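Residues per chain are reported as follows:
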Amino acid sequence: MSNEETVSGGLSRRAFLSSAGAAGVVSAIEGRIVMAQENGVKTASAVRTPEAGGGAGIVAVTLRVNGKEQKVRIDPRASLLDCLRESVGLTGTKKGCDHGQCGACTVHVNGRRVLSCLSLAMMHEGDEVTTIEGIGQPGNLHAVQAAFVAHDAYQCGYCTSGQIMSGVALLKEPCGPADADVKELMSGNICRCGAYPNIVAAIQQVRKGA
Amino acid sequence: MHTFEFVRANDPALAVAITSQAKTAQQGADMRFVAGGTTLLDLMKLNVEQPAKLVDVNGLPLDKIERTADGGLKIGATMRNADLAHHADVQRDYPVLSQAILQGASAQIRNMATTAGNLLQRTRCMFFRDTAMPCNKREPGSGCPAIGGGNRMLAILGTSEQCIASNPSDMNVAMAALEAVVHIRGAKGERDVAIGEFHVLPGNTPSRENVLEPGDLITHVTLPAAAKGSKSIYLKLRDRTSYEFALASAAVIVNVADGRFERVRIAMGGVGTKPWRMPEAEAALVGQAVGDEAVMRRAAEAGLKDARPQSENGFKVELAKRCLVYALKQATQNA
Ligand SMILES: Cc1cc2nc3c(=O)[nH]c(=O)nc-3n(C[C@H](O)[C@H](O)[C@H](O)COP(=O)(O)OP(=O)(O)OC[C@H]3O[C@@H](n4cnc5c(N)ncnc54)[C@H](O)[C@@H]3O)c2cc1C
Ligand code: FES
Ligand code: FES
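Numbering of residues starts from 1 in every chain and runs along the sequence as written. Just so you know, chain letters begin at A and ligand numbers begin at 1, following the order they were written in. Local features in a predicted model are, by the rule used here, given only for residues with pLDDT of at least 70; side-chain atom pairs are given and counted only at 80 or more, and totals for whole chains, interfaces and linings are based on all residues. Hydrogen atoms and water are omitted, and side-chain values are computed over all heavy atoms in the structure.

A. Structural detail: the overall build of chain B. Counting its regular elements, chain B contains twelve helices and twelve strands. To get the radius of gyration, use the C-alpha atoms; to get the globule rule, take the number of residues to the power 0.38 and multiply by 2.2 Å. In summary, chain B has a C-alpha radius of gyration of 19 Å against a globular reference of 20 Å for 335 residues, a match within 12%. A principal-axis box enclosing the C-alpha atoms of chain B has dimensions of 60 × 50 × 35 Å. Exposed residues in this analysis have more than 50% of their type's maximum accessible area, buried residues have under 20%, and partly exposed residues fall in between, with area computed by a 1.4 Å probe over protein chains only. Looking at chain B residue by residue over its 335 residues, the buried ones come to 56%. In these tables, accessible area is a Shrake-Rupley quantity obtained with a 1.4 Å probe, and a residue counts as shielded only by the protein chains included in the view. In the form shown here, chain B has an accessible surface area of approximately 12,800 Å², with 50% of it arising from carbon and sulfur atoms. Charged residues are defined narrowly, with Lys and Arg counted positive, Asp and Glu counted negative, and His plus the chain ends left uncounted. Throughout, a charge is located at the NZ atom of Lys, the CZ atom of Arg, the CG atom of Asp or the CD atom of Glu. Positive and negative charge centroids in chain B, built from 39 and 35 side chains respectively, lie 2 Å apart. Numbering of helices and strands starts at the N terminus; helices are DSSP runs of H or I of at least 4 residues and strands are runs of E of at least 2.

B. Main features of the domain arrangement of chain A. All names here are of chain A. What the domain assignment lists for chain A is domain 1 (25–40 + 55–135) and domain 2 (143–209). It only takes one pair of heavy atoms within 4.5 Å for two residues to be counted as in contact. Contacts between the two partners involve 18 residues from domain 1, matched on the other side by 16 residues from domain 2. A simple way to read buried area is as the amount of 1.4 Å-probe accessible surface that goes missing from two parts once joined, with both sides added. Buried surface at the junction of domain 1 and domain 2, summed over both partners, amounts to about 1,300 Å²; 54% is from carbon and sulfur atoms. Its largest share of buried area at the contact with domain 2, domain 1 owes to Arg113, Ile132 and Ile135, together 43% of the area lost on that side. For this analysis, a salt bridge means a side-chain nitrogen from Lys or Arg found within 4 Å of a carboxyl oxygen belonging to Asp or Glu. Remark: the boundary between domain 1 and domain 2 carries one salt bridge. In the analysis that follows, any N or O atom pair within 3.5 Å is treated as a polar contact, provided that within protein one partner can donate a hydrogen and the other can accept it, and provided that, for residues neighboring in sequence, both atoms belong to side chains. Remark: the boundary between domain 1 and domain 2 carries nine residue pairs in polar contact (both at pLDDT 80 or more). No other element matches the three residues that strand S5 (residues 106–109) contributes to the side of domain 1 that touches domain 2. Here the residues of the side of domain 1 that touches domain 2 sort into five nonpolar, ten polar and three charged. Where each domain starts and ends follows an automatic or database-derived domain assignment. Throughout this entry, Asp, Glu, Lys and Arg are counted as charged residues, while Ala, Val, Leu, Ile, Met, Phe, Trp, Tyr, Cys and Pro are counted as nonpolar. The remaining residues, Gly among them, count as polar.

C. Just the confidence of the model for chain A, in detail. All names here are of chain A. Confidence scores here are pLDDT values: one per residue, from the predictor, ranging 0 to 100. Per-residue confidence for chain A gives a mean pLDDT of 80; residues scoring 70 or more make up 73%. Confidence drops under a pLDDT of 50 for residues 1–42, and excluding neighbours within four residues, the segment shows 98 contacts in the predicted structure. Predicted confidence is poor over residues 44–55, with pLDDT under 50, and the contacts of this stretch with residues over four places away or in other chains come to 30 contacts.

D. Highlighting the interface of chain A and chain B. Taken residue by residue, the interface counts 39 residues in chain A and 41 residues in chain B. Between chain A and chain B the total buried area reaches about 3,200 Å² when both faces are included, carbon and sulfur atoms providing 53% of it. Considering only the side of chain A, the residues that lose the most area to chain B are Arg112, Leu118 and Met123 of chain A, jointly responsible for 20% of the buried surface there. If you look at where chain A meets chain B, you find two salt bridges. Asp98 of chain A is the partner of Lys45 of chain B in a salt bridge, and the nearest nitrogen-oxygen pair spans 2.8 Å. Counting across the interface, chain A meets chain B through 15 residue pairs in polar contact (both at pLDDT 80 or more). Breaking the side of chain A that touches chain B down by element, the ones donating at least two residues are strand S2 (41–47), strand S6 (112–115) and helix H4 (179–185) of chain A.

E. Layout of the pattern of salt bridges. In the structure shown here, the tally under the stated rule is 39 salt bridges over all chains. Three or more residues joined by partner-sharing salt bridges are found here, namely Arg32, Glu49, Arg122, Lys137 and Glu209 of chain B.

F. The arrangement of the pairing of strand S10 (residues 248–257) of chain B in detail. Residues and elements named next belong to chain B. The buried fraction of S10 amounts to eight of the ten residues, a majority that puts the element mostly inside the structure. A pair of strands is labelled paired if DSSP reports no fewer than 2 bridges between them. The sheet contact formed by strand S9 (residues 231–237) and S10 spans seven bridges and is antiparallel. Within S10, the residue paired with Lys236 across the bridge is Ser249. Examined bridge by bridge, S10 and strand S11 (residues 260–269) share nine bridges and lie antiparallel to one another. Pairing of Ala251 across the sheet is with Ala267, part of S11. The turn joining S10 and S11, which pair antiparallel and follow one another in sequence, is formed by two residues; a positive phi near 50° is taken by Asp258.

G. Expanded view of the packing of helix H2 (residues 143–151) of chain A against helix H5 (residues 196–207) of chain A. All names here are of chain A. It is the contact of H2 with H5, at a shortest axis distance of 8 Å, that shows an interaxial angle of 135°. Relative to H5, H2 is oriented oblique. As H2 runs across H5, the sense of the crossing is right-handed. Each of Ala143, Val144, Ala147, Phe148 and His151 in H2 lies in contact with H5, whose residues at this interface are Asn198, Ile199, Ala201, Ala202, Ile203, Gln205 and Val206. Taken together, the residues of the contact of H2 with H5 break down into nine nonpolar, three polar and no charged. Angles run from 0 to 180 degrees between N-to-C directions of axes, and those axes are lines fitted to C-alpha atoms, restricted for helices to the stretch in contact. By the definition adopted for this analysis, an angle is roughly parallel if under 35 degrees, roughly antiparallel if over 145, roughly perpendicular if from 65 to 115, and oblique otherwise. Two helices cross in a left-handed way if the nearer one is turned anticlockwise from the farther one by less than a right angle. They cross in a right-handed way if the turn is clockwise.

H. The site of ligand 1, seen in detail. Taken together, the neighbourhood of ligand 1 is formed by 35 residues, with Phe33, Gly37, Thr38, Thr39 and Thr114 of chain B sitting nearest. Near is defined per residue: the residue qualifies when any heavy atom it owns lies within 4 Å of the molecule or strand. The environment of ligand 1 is shared, with nearby residues belonging to chains A and B. Taking Asp170 of chain B, its side chain carries an N or O atom lying 2.7 Å from a nitrogen atom of ligand 1. Contact with the protein chains hides 97% of the accessible area of ligand 1, taken as 980 Å² for the molecule alone. Breaking the shell around ligand 1 down by element, the ones donating at least two residues are strand S2 (31–34), helix H7 (115–119) and strand S8 (217–223) of chain B. Of the residues assigned to the shell around ligand 1, the class counts are 15 nonpolar, 14 polar and six charged.

Structure follows, in structure tokens:
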């Protein structure tokens, strides 16, 4: 192996910053990583620490999130969801089930909606990741965000960022005109509060350009 | 989740060379390819899968779809399910495949899931997914608690004393009816396996689910040229209208000539330990008049004759029969 880089971790386990935009919070467990560039193969090898018997190292990963480059040092096991929330500091994306069953963690990768909980952050180097924070901001809401407000398309709000990310992606997907078509394409986003009728109404309002 | 070494492969030969060193390509594999990750990462979080090495196949040049010389279709292993389902050629020539994929999972998951990953998705049996429970598939010899309870979603065809786990895929059912061929590149070269032989019955070794050996990389799947003038449908019956696995589903492809079934291909999902092709049901239809309910019912009886229901899924026997009859009716309606 060439280009070996060894890092010893000694950072606090999880300095959780809720202020959006606080970049580069490192989550590290004592360990060692080896990065190697060989024959076009990139290997990020997390070597277990003998003491921990299954501990982990950290890997340096560069992501593009909402148009900005983010250099993070993460556990290789980190999902894109955990990386966004805990390392990049963008907590708008929510964790519901962590197993692909609820849609709360929906983000866009290269313009398409995916579940950030079932994807390794490491696998997204070079991809364009968009989160709810990149869709619109207070005072400059995306049409779908504004429609959610207008239609009261939430109660507790926990599923809402995932719903909106799905709704925004849906606008560019093949989808029939009926409410039933929207329901079908929104079925991957579960709402425990049952705001479904208003969610469908909000998305339909945007689709009809009303 | 256990930690792992991660390799991004940009050349199939390298992906094969690395994983050839694995001990097994079946349950308990120490090395895994990762594509969409929607099956694998879910199971790694549950510690059902504990690979020490992951080889990312997303950088391999296997995401294309092409026509084959004989008028068929060659579908790349890493092509996303959503792209496959919405592809114009698939919608025109193989609508049953498009319908099956679009009735599976959610829009987000279909954007991630790949052809090969879907072929290899694992059972949703709750005992398999829970490492606190015994499971012959996960831990050979530990027992099968599903035989006796918690088996409502599980299989009634192809089961064994060891395992009754169902294959949950919708895409696989359409692939089975379309007589797809799985193309594999392995340590010893390339080989083609008919979809019917790709998945294997649980028998006494439920931890073995398919013919893959260490190093075997699925490169693509081919479909033979679509039968001219055929009508098809994928019908999926489930507890919710969307984002739910099948209790019973049917992929039906029929050619009708002079008011009679001329060529029939049938596969069912939600009922088998593997995607379940039904040659007996097909044979019972060929030469018979379309539109005769009794004929279709006899075909369904033939297809389900070996069904062995468990304590909680007896309803599936009748549900599957009605599912097949209804699908046949739909497919022949305007034939
Ligand atoms: C909540 C939920 C609901 C779902 N509902 C449905 C449903 O209703 N119907 C349905 O059909 N499916 C459903 N699915 C399953 C989904 O379709 C599969 O998870 C998906 O198709 C797997 O594809 P992937 O690319 O993500 O596979 P991965 O998770 O990346 O891989 C799966 C397996 O395939 C192996 N593999 C991947 N690529 C290759 C290759 N090229 N060669 C050899 N081996 C390879 C991997 O090593 C792994 O063992 C659901 C999933 C979830 C999480
Ligand atoms: S947190 Fe990802 S789908 Fe529930
Ligand atoms: S608004 Fe509460 S979960 Fe949807």
